Amino acid sequence: MTPATKRMLGYELLRGCIPLEAVDRALRHVHLDIVRRGLPQEWLSQWLWNAHWFPHLRWDAEIVSLLDHLPQELKEGQLCDPQILLQMPDEAEDVDLEPHLDQEPGWANGRRYRRIIGVALTRNDLRNGGLTVWPLDRGEPSPVELDPGDIVVMDPSLPHASGLNGTGQIRYAVYFRFLETE
């Protein structure tokens, strides 16, 4: 993908950027937390509503170390709280996707996001509610398919959404957001 194409689309895919061993460490860490602590219904309800799963794990080494495998220029700026995202299977069969933009945290004092990076821990595709983007060139919305270890680097002004998970598996991803420096 050329730089001009990346600017027009608002995103770039980096295939196989994260070694599968690092992906497995992150998934194992989340699953071992379930074994040790369980998944009480009140946590599930809160996490589903906020789209932030396992907030107590987000700064753990197994999650943050995923960044070790990114090119240095993608890590420039101030790292915000990592977001562990799970998409459980959905009962609904159809939904109209509504794109959104990520909102900077209040403590950012007006600083804008520099970039958003999504790391696929499992397959992310249209069937399991994976990422759909509305390109900056006003093109038609399109699904972004990712395999474990792939990353998507998104312009913060890129409209995006997740759909319904029509499979029997949970979709996992971790999102990192970087703010402009002060």
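What counts and what doesn't
Residues numbered from 1 in each chain as written. Predicted model: local features only at pLDDT ≥ 70, side-chain atom pairs only at ≥ 80, totals over all residues. Heavy atoms only, no water. Pairing = 2+ DSSP bridges. Helix = DSSP H or I, 4+ residues; strand = E, 2+ residues; numbered from the N terminus. Buried < 20%, exposed > 50% of the residue type's maximum accessible area, 1.4 Å probe, protein only. Core = buried A, V, L, I, M, F, W, Y, C linked by side-chain atoms within 4.5 Å. Contact = heavy atoms within 4.5 Å. Expected span 1.5 Å × (residues − 1). Arc of directions from axis to C-beta. Salt bridge = Lys/Arg side-chain N within 4 Å of Asp/Glu carboxyl O.

## Some thoughts on the sheet that holds strand β8 (residues 160-162)
- Pairing within the open sheet is antiparallel, and its 3 strands lie in the order β6-β5-β8. Two strands in the sheet have a free side with no partner beyond their single neighbour: β6 (142-143) and β8.
- Sheet topology note: the strand β5 (residues 131-133)/β6 ladder contains 2 bridges and is antiparallel. Paired with Val-133 across the strands is Ser-142, a residue of β6.

## Considering unusual backbone geometry
- Despite not being glycine, Asn-109 shows a phi value in the positive range, around 55 degrees.
- As for its position among the elements, Asn-109 is in the loop between β3 (83-87) and β4 (113-120).
- Phi at Arg-138 is positive, roughly 70 degrees, even though this residue is not glycine.
- Taking relative accessible area as the criterion, Arg-138 reaches 75% and is therefore assigned exposed.

## Considering the nonpolar core
- Core analysis: the biggest nonpolar cluster contains 29 residues, and Leu-66, Leu-121 and Ile-151 have the highest contact counts within it.
- Among the elements of the structure, α2 (20-37), α3 (41-50), β3, β4, β7 (151-154) and β9 (171-179) are those that each provide at least two residues to this core.
- Of the residues forming this core, the biggest block, 5 residues, is contributed by α2.
- Setting aside residues up to four positions removed in sequence, Ile-151 forms contacts with Glu-12, Leu-13, Leu-14, Cys-17, Ile-18, Leu-70, Leu-74, Ile-117, Gly-118, Val-119 and Leu-146.
- Listed in part, the 13 residues of the second largest apolar core include Ala-120, Val-144, Val-152 and Tyr-175.

## With respect to the environment of Leu-48
- Within the fold, Leu-48 resides in helix α3.
- On the basis of relative accessible area, Leu-48 is assigned to the exposed category, the value being 56%.
- Here the alpha-carbon distance between Leu-48 and Leu-164, two residues 116 residues apart in the chain, equals 13 Å.

## Brief notes about α2
- In this model, α2 (18 residues) spans 26 Å end to end at C-alpha, consistent with the 26 Å of a helix rising 1.5 Å per residue.
- Every buried residue of α2 is listed here: Ala-22, Val-23, Ala-26, Leu-27, His-29, Val-30 and Asp-33. Considered in projection along α2, the buried side chains sweep an arc of 145 degrees and stay on one side of the axis. Across α2 from its buried face, at more than 90 degrees, point the exposed residues Leu-20, Glu-21, Arg-28, Val-35 and Arg-36.
- In the core, the buried residues of α2 are packed alongside α4 (61-64), β4 and β9.
- One or two steps after α2, the chain reaches Gly-38, where phi turns positive at roughly 80 degrees.

## Looking at the pattern of salt bridges
- Here the structure, examined in full by the defined rule, presents 10 salt bridges.
- One salt bridge connects Glu-76 with Arg-114, and the closest N-O pair in it is separated by 3.5 Å. Here the residue Glu-76 occupies a position in the loop between α4 and β2 (78-79), and Arg-114 occupies one in strand β4, the gap between them amounting to 38 residues.
- Exposure remark for Arg-114: the relative accessible area of 28% places this residue in the partly exposed category.
- The structure contains a network of salt bridges with shared partners spanning Arg-123, Asp-125, Glu-145 and Asp-147.

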